[in-house]
Amino acid sequence: MVDFTVRRVVESDRDDVLEIARRTWGGHDYMPSQLDEWLKSPSCRLVGLEVAGRIIGLANLHMIDSGRTGWMEGLRVHPRYRRKGLAKVLTDELVKEGRNAGVERLRYTTDSTNSASISLAKSIGMSVRAEMGVFWKGGLKRVKKGGVKESPQYAERDAAERILKGAAHLFSDGVIIHDWKAYDFCSEGISQVLQSARAYILTDNERIGSVTFGSVRTEGQDSGWSTAIYAETPSDFTRALYSQVFLARAEGRPFLMGIYPLRFRHILLAERWVPKWVERFSILLFEKRLG
Ligand SMILES: CC(C)(COP(=O)(O)OP(=O)(O)OC[C@H]1O[C@@H](n2cnc3c(N)ncnc32)[C@H](O)[C@@H]1OP(=O)(O)O)[C@@H](O)C(=O)NCCC(=O)NCCS
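Parameters at a glance
- Residues numbered from 1 in each chain as written.
- Predicted model: local features only at pLDDT ≥ 70, side-chain atom pairs only at ≥ 80, totals over all residues.
- Heavy atoms only, no water.
- Helix = DSSP H or I, 4+ residues; strand = E, 2+ residues; numbered from the N terminus.
- Rg over C-alpha atoms; globule rule 2.2 N^0.38 Å.
- Buried < 20%, exposed > 50% of the residue type's maximum accessible area, 1.4 Å probe, protein only.
- Contact = heavy atoms within 4.5 Å.
- Areas by Shrake-Rupley, 256 points an atom, 1.4 Å probe, with all protein chains shown as cover.
- Lys, Arg positive; Asp, Glu negative; His and termini not counted.
- Charge placed at Lys NZ, Arg CZ, Asp CG, Glu CD.
- Core = buried A, V, L, I, M, F, W, Y, C linked by side-chain atoms within 4.5 Å.
- Domains from an automatic or database assignment.
- Buried area = accessible area lost by both parts, 1.4 Å probe.
- Salt bridge = Lys/Arg side-chain N within 4 Å of Asp/Glu carboxyl O.
- Polar contact = N/O pair within 3.5 Å; in protein donor to acceptor, adjacent residues only side chain to side chain.
- Axes fitted to C-alpha atoms, helices over the stretch in contact; angles between N-to-C directions.
- Parallel < 35°, antiparallel > 145°, perpendicular 65-115°, else oblique.
- Left-handed = near helix turned anticlockwise from the far one by under 90°.
- Nonpolar A, V, L, I, M, F, W, Y, C, P; charged D, E, K, R; others polar.
- Pairing = 2+ DSSP bridges.
- Near = heavy atom within 4 Å.
- Phe/Tyr/Trp six-rings, centres within 6.5 Å; stacked < 30°, edge-to-face > 60°.

Considering the overall build of the protein
Line of reasoning, step 1. Scanning the protein from terminus to terminus reveals 8 helices and 14 strands.
Line of reasoning, step 2. For a compact globule of 291 residues, the expected C-alpha radius of gyration is about 19 Å, and the protein comes in at 20 Å, within 12% of that figure.
Line of reasoning, step 3. With the C-alpha coordinates of the protein rotated into their principal frame, the extents come out at 60 × 40 × 30 Å.
Line of reasoning, step 4. A buried classification covers 54% of the 291 residues belonging to the protein.
Line of reasoning, step 5. Considering only residue pairs separated by 6 or more positions, the protein has 69% of its internal contacts joining residues 24 or more positions apart.
Line of reasoning, step 6. Here the protein displays about 13500 Å² of accessible surface, and carbon together with sulfur accounts for 48% of that area.
Line of reasoning, step 7. For the protein, the separation between the mean place of its 44 positive charges and that of its 36 negative charges on side chains is 5 Å.

The following block contains the structure:
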């Protein structure tokens, strides 16, 4: 076992942390864009593992939902130190932090192909609370319009809050997942998601056909467009999907990352520009209730 110390990550560890991010997911890690908040916010507990004076692993616990939820994120171990049980140490530390802070539950999202992450979730007794599809798409200029003519309306914040409250039918799991974060479908959760994302609403007479969230997502050097589409019917889904593709394209975004209900996966895969690996890839929201 490696000789390590567990301690809080501080500003002077920034270079070590950024080095880990550079070596994660081919340099497309979103973590650097969050690091300032994780280091400074009083609602974050950024835990690190120090070996020979350097931070070689980290994980953040973010207290959200007025302190009820401990949101686990940013679990990273430097490639040189992987497969030695260190992510397990960090995960157990976040559970301790959550208990000490008195949160009611721990939550986190990971992708369905991340076996290490799934093993770790199970090792602390988490279970899957919700699952959504996810895709990335670059080269948006080459996407053809697919016969979709109109765009959903961008709703100002107050209107979006009001409309969303009447759209529970689109959120059957009782959670909103956007940009890999989860919000309960309640007034507080709606208000939180709208602090970081815009809402685009598609209506058909009085019927709310879709609610789509959109925000900028920075991965490595690229600022792409992150969207989450909640739609009632396949045609509502397709309209919302294309509106986001063309919005991202109009803004010159290098990629679109989209989250969508799994029941629309076959609709998405029928689009020629959608990569086939989308079939194997989803977001799992894990949850553990603390006694
Ligand atoms: C995921 C990550 C944190 C694991 O770190 P680690 O220190 O190597 O993990 P550990 O040695 O503590 O292993 C934890 C569990 O994951 C399993 N595991 C670790 N790496 C694995 C891999 N590449 N493939 C399959 N399983 C793996 C281990 O076998 C262990 O499971 P077990 O207890 O059931 O045997 C590390 O690979 C990493 O930083 N990856 C990039 C970022 C990432 O994916 N973060 C998590 C999602 S946000």
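Structural notes on the nonpolar core
Line of reasoning, step 1. Core analysis: the largest hydrophobic core is formed by 35 residues, its most contacted members being F171, I176, I177, V211, F213 and Y230.
Line of reasoning, step 2. Dropping the residues within four chain positions of it, I177 is found in contact with A130, M132, A182, A228, Y230, I259 and L285.
Line of reasoning, step 3. Ranked by size, the runner-up nonpolar core spans 27 residues in total, among them A59, Y81, Y108 and L290.

Considering the domain arrangement of the protein
Line of reasoning, step 1. The assigned domain composition of the protein is domain 1 (5-103) and domain 2 (133-287).
Line of reasoning, step 2. Listed as interface residues are 12 residues of domain 1 and, on the opposing side, 12 residues of domain 2.
Line of reasoning, step 3. Contact between domain 1 and domain 2 buries roughly 890 Å² in total, counting both sides, with carbon and sulfur atoms accounting for 41%.
Line of reasoning, step 4. Across the pair R68 and E188 runs a salt bridge whose closest N-O atoms are separated by 3.4 Å.
Line of reasoning, step 5. Counting every contact that joins domain 1 to domain 2 gives 3 residue pairs in polar contact (both at pLDDT 80 or more).

Comments concerning the packing of helix α5 (residues 157-165) against helix α6 (residues 187-196)
Line of reasoning, step 1. Viewed as axis vectors pointing N to C, α5 and α6 meet at an angle of 140°, and their least axial separation amounts to 10 Å. What the angle tells us is that α5 and α6 run oblique. Between α5 and α6 lies a crossing of right-handed hand. Between α5 and α6, the contacting residues are R157, A160, E161, L164 and K165 on the first element and S187, I190, S191, L194 and Q195 on the second.
Line of reasoning, step 2. The residue makeup of the contact of α5 with α6, split by class, is 4 nonpolar, 3 polar and 3 charged.

Topic: the pairing of strand β8 (residues 175-178)
Regular strands place side chains that alternate from one sheet face to the opposite one.
Line of reasoning, step 1. Burial along β8 is two-sided: the residues V175 and I177 and I176 and H178 are all buried.
Line of reasoning, step 2. Bridge count for β8 against strand β9 (residues 181-184) is 4 bridges, and the pairing is antiparallel. Of the residues in β9, the one forming a bridge with H178 is K181.

Structural notes on the site of the ligand
Line of reasoning, step 1. Within the structure, the ligand sits among 19 residues, and L75, V77, R83, G85 and N114 are positioned closest to it.
Line of reasoning, step 2. Protein chains bury 70% of the 910 Å² of accessible surface belonging to the ligand in isolation.
Line of reasoning, step 3. Within the residue set of the shell around the ligand, elements represented by two or more residues are β4 (69-77), α3 (86-101) and α4 (115-123).
Line of reasoning, step 4. Taken together, the residues that form the shell around the ligand break down as 7 nonpolar, 7 polar and 5 charged.

Focus: the side chain of Q244
Line of reasoning, step 1. One can find Q244 in helix α7 (residues 234-250).
Line of reasoning, step 2. A polar atom in the side chain of Q244 sits 3.0 Å from the side chain of T227.
Line of reasoning, step 3. With sequence-adjacent residues up to four places away left out, Q244 is seen in contact with Y200, T212, F213, G214, W225, T227 and L256.

Examining the packing of aromatic side chains
Line of reasoning, step 1. The final tally for this structure, using the stated rule, is 16 aromatic pairs.
Line of reasoning, step 2. Geometrically, the ring pair formed by W136 and F281 is edge-to-face, given 5.9 Å between the ring centres and 70° between the ring planes. Taken together, the residues span a long stretch of sequence, with W136 in strand β6 (residues 127-138) and F281 in the loop between α8 (265-269) and β14 (282-289) at a distance of 145 residues.
Line of reasoning, step 3. For F281, a relative accessible area of 15% corresponds to the buried category.
Line of reasoning, step 4. Ring plane angle 80° and centroid distance 6.0 Å describe the contact between Y242 and W273, whose orientation is recorded as edge-to-face. Residue Y242 is located in helix α7, and its partner W273 is located in the loop between α8 and β14; the two are separated by 31 residues in the primary sequence.
Line of reasoning, step 5. Y242 gets classed as buried once you look at its relative accessible area, which sits at 2%.
Line of reasoning, step 6. Residue W273 is classed as buried on the basis of its relative accessible area of 13%.

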